[in-house]
Amino acid sequence: MMSQLEHALKQLKTNGVRMTPQRHAILSYMLETDTHPSVDEIFKALGGQFPNMSVATIYNNLKVFLDAGLVRELTFGDGASRFDANVNEHYHAICDDCGKIVDFHSPPLYQIEEIASEKTGFIVKNHRMEVHGTCQECIQA
């Protein structure tokens with residue numbers, strides 16, 4: 001069975017994307033983390049490994065991954081985009097105190113899309129649900 005990284009590399013190759021050491025490192029980092037990092041967080045995590053890598057390089061590579069369907073861009077109203085390599089259907093719990101974002105799975109809410117379409121006349125393409133609260137670390141602090 002093909003690993004997630006092998007699948008992603010194959011997808012990029014199919015799309016004609018050349019694999020560079022920096023691109024490989026960014027992709028590996030995205031697939032290994034569950035923290036929904038911002039570009040700055042990726043830069044801090046990989047900067048020591050690639051001292052010549054710029055924030056623009058990370059943005060450009062994330063755009064390539066977005067176009068290939070390997071990551072999703074998330075915005076939560078804080079002005080910073082975050083990126084998620086889990087492209088399967090899931091939802092997010094967000095700590096209002098520290099900003100931590102945790103994935104959780106629940107049956108998809110497709111009925112909401114149907115109701116929204118009926119009530120608004122919109123052609124609904126998708127939906128996003130997030131719950132807000134205080135994470136265990138903040139509760140215990």
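As the structure is a prediction and not an experimental result, all values here were calculated from the model. (Residues numbered from 1 in each chain as written. Predicted model: local features only at pLDDT ≥ 70, side-chain atom pairs only at ≥ 80, totals over all residues. Heavy atoms only, no water.)

Draft legend 1. Representation of the overall build of the chain in the model. What the chain contains, in helices and strands, is 6 helices and 5 strands. Along the chain, helices and strands appear, N-terminal first, in the series α-α-α-α-β-β-β-β-α-β-α. The principal-axis extents of the C-alpha atoms in the chain amount to approximately 50 × 45 × 35 Å. Per-residue burial over the chain gives 28% buried out of 141 residues. (Helix = DSSP H or I, 4+ residues; strand = E, 2+ residues; numbered from the N terminus. Buried < 20%, exposed > 50% of the residue type's maximum accessible area, 1.4 Å probe, protein only.)

Draft legend 2. Structural detail: the sheet that holds strand 4 (residues 101-104). If you trace the 3 strands from one edge of the open sheet to the other, you get 4-3-5, paired in mixed fashion. Whereas interior strands pair on both sides, the edge strands pair on one side only; in this sheet they are strand 4 and strand 5 (130-133). The sheet shows a mean angle of 25° between the axes of neighbouring strands, direction not considered. Relative to strand 4, strand 3 (residues 91-95) runs antiparallel, the two being bridged by 4 bridges. Each residue of the ladder has a partner; that of Tyr91, found in strand 4, is Phe104. (Pairing = 2+ DSSP bridges. Axes fitted to C-alpha atoms, helices over the stretch in contact; angles between N-to-C directions.)

Draft legend 3. Expanded view of the environment of Asp96. As for its position among the elements, Asp96 is in the loop between strand 3 and strand 4. For Asp96, a relative accessible area of 51% gives the class exposed. Sequence-wise, Asp96 and Cys138 are 42 residues apart; in three dimensions their C-alpha atoms are separated by 9.5 Å. With residues up to four places along the chain from it excluded, the contact list for Asp96 reads His132 and Gly133. A polar atom in the side chain of Asp96 sits 2.9 Å from the side chain of His132. (Contact = heavy atoms within 4.5 Å. Polar contact = N/O pair within 3.5 Å; in protein donor to acceptor, adjacent residues only side chain to side chain.)

Draft legend 4. Local environment of the packing of helix 2 (residues 21-32) against helix 3 (residues 39-46). Relative to each other, helix 2 and helix 3 sit at 110°, their axes nearing to 11 Å. Here helix 2 is positioned roughly perpendicular relative to helix 3, judged by the angle of their axes. Crossing angle aside, the handedness with which helix 2 passes helix 3 is right-handed. For the pair helix 2 and helix 3, contact is made by Ala25, Ile26, Tyr29 and Met30 and by Glu41, Ile42, Ala45 and Leu46, respectively. (Parallel < 35°, antiparallel > 145°, perpendicular 65-115°, else oblique. Left-handed = near helix turned anticlockwise from the far one by under 90°.)

Draft legend 5. Seen up close, the layout of surface pockets. Roughly 210 Å³ of volume is contained in the largest pocket. Along its surface, the largest pocket is lined by 14 residues, and Arg72, Glu89, His90, His127 and Arg128 are the ones closest to its centre. Looking at the lining of the largest pocket, the elements with two or more residues in it are strand 1 (72-75), strand 3 and helix 5 (110-120). The residue inventory of the lining of the largest pocket, partitioned by class, reads 4 nonpolar, 4 polar and 6 charged. (1 Å grid on protein atoms, 1.4 Å probe; cavity = no way out; pocket = protein on both sides within 12 Å on 5 of 7 lines; lining within 4 Å. Points joined across faces, edges and corners; volume = space filled by probe spheres on them. Nonpolar A, V, L, I, M, F, W, Y, C, P; charged D, E, K, R; others polar.)

Draft legend 6. The pairing of strand 1, seen in detail. As defined by bridge partners, strand 1 adjoins strand 2 (residues 81-84) across 4 bridges and the pair is classed as antiparallel. Paired with Leu74 across the bridge in strand 2 is Arg82. Taking the residues that link successive antiparallel strands as the turn, the strand 1-strand 2 hairpin has 5 residues, and the phi of Gly77 there is positive, at about 85°.

By themselves these figures say nothing about function.
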